[in-house]
Amino acid sequence: MQNSKNEQLIDPPFEIQGSEQEKNRIVNMINQIAISETGKQTLEIASNAGYKLGMEFIFGCNGACSKEKKIIVLNPVSKDDVLIGVLAHETRHAGQFERGEYDASDDKRPRNETLKSNIMRTRAVEADAQATAVQILGEMMENGNEKPLIEFCRQPDNQFIGKAFSNALYEEGALYNGSARTAAFLAWYENKPIMKAYDQAYQVDMMEHREESGANKVDTYKKIETPEKIVKDLCLDNKGECYFKANPEVLGQGKFVEVDYEIQEKLDALMQRVPNNQTKLNAMKNLKSVGR
Ligand SMILES: [Zn+2]
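Definitions and cut-offs
- Residues numbered from 1 in each chain as written.
- Predicted model: local features only at pLDDT ≥ 70, side-chain atom pairs only at ≥ 80, totals over all residues.
- Domains from an automatic or database assignment.
- Helix = DSSP H or I, 4+ residues; strand = E, 2+ residues; numbered from the N terminus.
- Nonpolar A, V, L, I, M, F, W, Y, C, P; charged D, E, K, R; others polar.
- Buried ≥ 20, exposed ≤ 12 C-beta atoms within 10 Å, placed from the backbone.
- Contact = placed C-beta atoms within 7 Å.
- Pairing = 2+ DSSP bridges.
- Axes fitted to C-alpha atoms, helices over the stretch in contact; angles between N-to-C directions.

Caption draft 1: Seen up close, the domain arrangement of the protein chain. Here the domain parsing of the protein chain yields domain 1 (1-101) and domain 2 (106-292). Those elements giving two or more residues to the side of domain 1 that touches domain 2 turn out to be α1 (20-33), α2 (37-48) and α3 (80-98). Considering each element in turn, the side of domain 1 that touches domain 2 owes the most residues, 9 residues, to α3. When the residues that make up the side of domain 1 that touches domain 2 are grouped by side-chain class, the tally is 5 nonpolar, 10 polar and 4 charged.

What follows is the structure in structure tokens.
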């Protein structure tokens with residue numbers, strides 16, 4: 001029989017895999033997150049969609065969300081106050097997938113959008129997941145549980161987001177009117193090494209895999225997606241309204257689309273090798289639009 005310690009304060013509860021101790025850790029995290037309205041809703045969207053939770057050692061990474069397997073895993077090595085932010089981030093990804101977002105780490109997915117569209121979209125997916133995580137931690141703080149937010153902000157990778165979010169909170173109402181969450185979203189782009197790692201994984205690696213398997217023959221790199229559409233698809237608050245308070249156009253300009261030099265060289269080489277001529281033409285246009 002389950003004791004009350006194992007009861008999840010969300011509906012429906014998650015199926016959790018692993019040892020009794022791991023289950024207890026995860027339930028405890030869920031119940032802390034559930035005091036935040038955004039957190040509760042984010043968790044319930046994922047549990048309702050059938051995502052399972054578990055723990056798994058992942059090298060150099062705190063967590064992951066698989067769209068195909070519908071599972072979210074957390075790295076047991078990290079402490080729970082850190083993993084709470086990670087769980088919030090990964091369950092947001094589950095929600096994005098439920099709303100139709102593609103899995104950027106799926107190399108079977110044809111690359112029909114322009115390179116710039118791909119880069120804008122995959123970056124915004126991560127920025128929204130982090131902005132949502134810190135929003136949830138901010139709401140937890142408002143409800144008296146400030147440790148997970150402090151731990152989030154202390155993580156070296158999160159410092160830009162942590163500072164931008166905390167600064168934004170000095171303004172009255174910023175936690176609930178979307179402006180702190182927007183500040184966190186925009187600050188995601190300040191961390192160049194993280195952005196480079198995602199561009200490598202979601203652009204270069206995917207294109208290399210598709211080249212190796214010959215799947216790149218069907219790639220067109222043609223469809224243009226606007227920043228407005230990306231923001232409209234991704235930046236949804238609890239009421240399904242857009243929380244993004246800045247001009248979406250900024251996401252198509254300057255540092256928001258600039259690519260690290262090494263990544264740019266790899267993309268250049270990959271685009272030069274695309275199989276058919278029409279695509280090559282699109283590809284070259286694409287590279288110009290991305291810029292260094
Ligand atoms: Zn992520």
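Caption draft 2: Representation of the environment of E98. With respect to the helices and strands, the residue E98 is situated in helix α3. The exposure class of E98 is partly exposed, given the 16 C-beta atoms found within 10 Å. Distance from E98 to K67, taken between C-alpha atoms, is 8.8 Å for residues 31 residues apart in sequence. Beyond its immediate stretch of four places on either side in the chain, E98 contacts I45 and A49.

Caption draft 3: Seen up close, the sheet that holds strand β1 (residues 15-16). One open sheet holds the 4 strands; their spatial order is β1-β2-β4-β3, and the pairing between them is mixed. Single-partner strands in this sheet number two, and they are β1 and β3 (63-66). Bridge count between strand β2 (residues 52-55) and strand β4 (residues 71-74): 4 bridges; the pairing is parallel. Paired with G54 across the bridge in β4 is V73. This element, α3, spans β3 and β4 of the sheet and lies at about 15° to β3.

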